Amino acid sequence: MSTHVKRAFKYRFYPTDEQAAELSRTFGCVRKVYNLALSARTEAWALRQERVNYNATSVMLTAWKQTEDLAFLNDVSSVPLQQCLRHLQAAFTHFFAKRAKYPRFKSKKRSRKSAEYTSSAFRFRNGKLTLAKMTEPLDIVWSRSLPEGASPSMVTVSQDSAGRWHVSLLCEDPSVKPLPATGTAIGVDAGLDHLLTLSTGEKITNPRHERRDRCRLAKAQRQHGRKATGSNNREKARRKVAKVHARIADRRRDHLHQITTRLVRENQTIVIEDLTVRNLLKNGRLARAISDAAWSEFRSLLEYKAHWYGREVIAVDRWFPSSKLCSTCGSLQDKMPLNVRIWTCASCGTAHDRDVNAAKNLLAAGLAVSACGAGVRPQRSTPGGQSATKQEALRREPQDFPSRRRGRKPTALN
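Fair warning: this is a prediction, and the values are worked out from it, not measured in the lab.

Visitor: Any chance you could explain the overall build of the protein here in plain terms?
Guide: Assigned secondary structure in the protein consists of 10 helices and 13 strands. Going through the 414 residues of the protein one by one, you find that 43% of them count as buried. Taking all contacts inside the protein whose residues are at least 6 apart in sequence as the whole, residues at least 24 apart take part in 71%. Carbon and sulfur atoms make up 49% of the accessible area of the protein, which totals about 23400 Å².

Printed below as a string of structure tokens:
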């Protein structure tokens, strides 16, 4: 059995008119079959308390193809249709395991357009990929080479909201293997003024990609709002808005990839804070900036790369008072207002940079976790009665906000 990591390589491609029409039909059929199967499974449980599995929906698919109304399902490859039924089965499995919400119907406008092909539904020879029901290979822009000798086991074709076509090839990558141990550890504190602050004192600048393109995005959105609903011009304007969003997302993801790759290569242990970004986004004044920082995506990239290359990522409890704790003597400060970025410990007299001090405390707590194998569950509040972390503004007591006038919103920690 191979121990190689399976890795997806994503590329842009430019289909011909015939290929684009075939793929669009396939996307529509995939969405239709998924919704039909979801409706059948929901109805069976609501009316008869009967659970319908993948095998039963596969039989239903065969019957649907034989009807006059759904005969068009025979015009596309059957493999993407079967794959969408498997995805629906996985969605129900996660739902019954309480890992996800109940599956939702796919919308024609809002759902992701994609189709998945197994090895029996495509041909990959001499660097050319040909899908089922097509006579010509896809015009793929090979921005990077596949692993030597790699043969895709799965191909996913998709079209994003900006109209760009992508193909993702799942291959075994023999180059992904544990890196030599370095013995170094680092603490990472996430913020908004600086995207990341390391325990070494280094601060990584926050590029603020969304803010840099905000004027361009606002202009495109205004033009979109002026177009008549349902018109071709409105669709063109919508696509311009989607292109601006895609540009922002691509630049943000590329920046995070560079940062996480560097951290994983240089450090054996990386300690981060276990933030609940979903709760932080409830703060209306900072939600836009927090979304632009993409802390959740940063953690996701860091964790899977650490798993690939034999590194360790430790998440310290979000209530650990990293900002208020002196990294030199360990004394805990009563209060730490947001505007205080540099402070002096009253016990030992050490001057601290707020973010660097927090990163050092996270590193110390993470190493303690690694040594004892237990989670860090410190006190949830300081003697002053307030939370000690970025959750502060979201969990203050009512008496902390004497005025409830409209427009006044609490502030969250950076």
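Visitor: Would you explain helix α6 (residues 232–266) in this entry?
Guide: An α-helix turns once every 3.6 residues. As a result, residues three or four positions apart point the same way. An ideal rise of 1.5 Å per residue puts 51 Å on 35 residues; α6 measures up with 51 Å between its terminal C-alpha atoms. Taken together, the buried positions of α6 are Ala237, Val241, Ala242, Val244, Ala246, Ile248, Arg252, Leu256, Ile259, Thr260, Leu263 and Val264.

Visitor: Is there a simple way to think about the environment of Gln89 in this case?
Guide: Within the fold, Gln89 resides in helix α3 (residues 78–96). Each C-alpha atom, one on Gln89 and one on Pro103, is 9.7 Å from the other, the two residues being 14 residues apart in sequence. In contact with Gln89, other than residues within four places in its own chain, are Arg41, Val52, Asn53 and Tyr54.

Visitor: What is the right way to look at the packing of helix α2 (residues 54–65) against α3 in this model?
Guide: For any two helices packed against each other, one specifies the inter-axial angle together with the distance between the axes. One can describe the packing of α2 onto α3 by two numbers: an axis separation of 10 Å at closest approach and a directional angle of 145°. For the crossing formed where α2 meets α3, the hand is right-handed. Between α2 and α3, the contacting residues are Tyr54, Thr57, Ser58, Leu61 and Lys65 on the first element and Ser78, Leu81, Gln82, Leu85, Arg86 and Gln89 on the second. When its residues are assigned to classes, the contact of α2 with α3 shows 4 nonpolar, 5 polar and 2 charged.

Visitor: Could you clarify how one ought to interpret the packing of helix α1 (residues 17–48) against α2 in this entry?
Guide: α2 packs onto α1 with a crossing angle of 120° between their chain directions and a minimal axis gap of 11 Å. Considered as vectors, α1 and α2 are oriented oblique to each other. At the point where α1 passes α2, the crossing takes the right-handed sense. Residue-level contacts link Val33, Leu36, Ala37, Ala40 and Arg41 of α1 to Tyr54, Thr57, Met60, Leu61 and Trp64 of α2. For the contact of α1 with α2, a count of residues per class yields 8 nonpolar, 1 polar and 1 charged.

Visitor: Would you mind going over the nonpolar core with me for this structure?
Guide: When a protein is soluble and globular, its nonpolar side chains tend to lie buried together. Formed by 28 residues in total, the largest nonpolar core has its most connected members in Val188, Leu196, Ile270, Trp295 and Phe298. If you list the elements that add at least two residues to this core, you get β7 (185–190), β8 (194–198), α6, β10 (269–273), α7 (277–280), α8 (287–293) and α9 (295–308). Grouped together as the second largest cluster of nonpolar side chains are 24 residues, Phe9, Tyr11, Trp165 and Val167 included.

Visitor: Even after reading the chapter, I still don't get the pattern of salt bridges, so can you show me in this structure?
Guide: If the charged atoms of two oppositely charged side chains come close together, the side chains can form a pair. Going through the model one piece at a time under the given rule, you end up with 21 salt bridges. Notably, a salt bridge pairs Arg247 with Asp213, separated by 2.8 Å at the nearest N-O pair. With Arg247 in helix α6 and Asp213 in the loop between α4 (209–212) and α5 (214–226), the pair connects residues that are 34 residues apart, well separated along the chain. Taking relative accessible area as the criterion, Asp213 reaches 5% and is therefore assigned buried. The partner of Arg299 in a salt bridge is Glu303, with the nearest N and O atoms 2.9 Å apart. With Arg299 and Glu303 both in helix α9, this residue pair falls 4 residues apart, about one helical turn. Judged by its relative accessible area of 24%, Arg299 falls in the partly exposed class. Several salt bridges share partner residues, and in doing so they unite Asp160, Arg164, Asp250, Arg253 and Glu297 into one network.

Visitor: Help me understand a positive patch on the surface in this model?
Guide: Together, Arg12, Lys219, Arg222, Arg226, Lys227, Lys236, Lys240 and Lys243 line one region of the surface with positive charge. At the level of elements, α5 and α6 are the ones that each hand at least two residues to the positive patch. Its location among the elements puts Lys240 in helix α6.

Visitor: Please explain the sheet that holds strand β1 (residues 5–12) as it appears in this structure.
Guide: Paired through backbone hydrogen bonds, the strands of a sheet run either parallel or antiparallel to each other. Taken in spatial order, the 4 strands of this open sheet run β1-β6-β5-β2, and their pairing is antiparallel. In the strand order of this sheet, the two ends are held by β1 and β2 (113–118), each with one partner. Between one strand and the next, the sheet's axes are offset by a mean angle of 20°, whatever the strand orientation. Two elements, β1 and strand β6 (residues 165–173), share 8 bridges in a ladder whose sense is antiparallel. Each bridged residue has a counterpart across the sheet, and for Val5 the counterpart in β6 is Asp173. Lying on the sheet, α1 is in contact with β2, β5 (154–159) and β6; it crosses β2 at an angle near 95°.

Visitor: Looking at this model, I keep getting lost on the sheet that holds strand β9 (residues 203–205). Mind explaining?
Guide: Within the open sheet, the 5 strands sit side by side as β9-β8-β7-β10-β11. Their pairing is mixed. The sheet is open, and its two borders are formed by β9 and β11 (312–316), each paired with just one other strand. Strand-to-strand twist of the sheet, defined as the mean angle between neighbouring strand axes without regard to direction, takes the value 25°. Sheet analysis places β8 next to β9, joined by 3 bridges and oriented antiparallel. Bridge assignment links Thr197 to a residue of β9, and that residue is Lys203. Strand contacts of α6: β8, β9 and β10, with the helix running at about 5° to β8, the strand carrying the most contacts.

Visitor: Hey, could you run me through the side chain of Thr197 in this one?
Guide: Here Thr197 is to be found in strand β8. With residues up to four places along the chain from it excluded, the contact list for Thr197 reads Gly187, Val188, Asp189, Glu202, Lys203, Asp355, Val356 and Ala359.

Visitor: Can you help me understand unusual backbone geometry in this one?
Guide: One can expect most non-glycine residues to show negative phi and most peptide bonds to be in trans. The residue Lys133 is not glycine, and still its phi comes out positive at about 75°. Tracing the backbone through its elements, the reader meets Lys133 in the loop between β4 (128–131) and β5. Although it is not a glycine, Ala294 sits at a positive phi angle of roughly 55°. Note on placement: Ala294 falls in the loop between α8 and α9.

Basis of the calculations
Residues numbered from 1 in each chain as written. Predicted model: local features only at pLDDT ≥ 70, side-chain atom pairs only at ≥ 80, totals over all residues. Heavy atoms only, no water. Helix = DSSP H or I, 4+ residues; strand = E, 2+ residues; numbered from the N terminus. Buried < 20%, exposed > 50% of the residue type's maximum accessible area, 1.4 Å probe, protein only. Contact = heavy atoms within 4.5 Å. Areas by Shrake-Rupley, 256 points an atom, 1.4 Å probe, with all protein chains shown as cover. Expected span 1.5 Å × (residues − 1). Axes fitted to C-alpha atoms, helices over the stretch in contact; angles between N-to-C directions. Left-handed = near helix turned anticlockwise from the far one by under 90°. Nonpolar A, V, L, I, M, F, W, Y, C, P; charged D, E, K, R; others polar. Parallel < 35°, antiparallel > 145°, perpendicular 65-115°, else oblique. Core = buried A, V, L, I, M, F, W, Y, C linked by side-chain atoms within 4.5 Å. Salt bridge = Lys/Arg side-chain N within 4 Å of Asp/Glu carboxyl O. Patch = residues over 30% accessible without salt bridge, like charges linked within 9 Å, V, L, I, M, F, W, Y side chains within 5 Å. Lys, Arg positive; Asp, Glu negative; His and termini not counted. Charge placed at Lys NZ, Arg CZ, Asp CG, Glu CD. Pairing = 2+ DSSP bridges.

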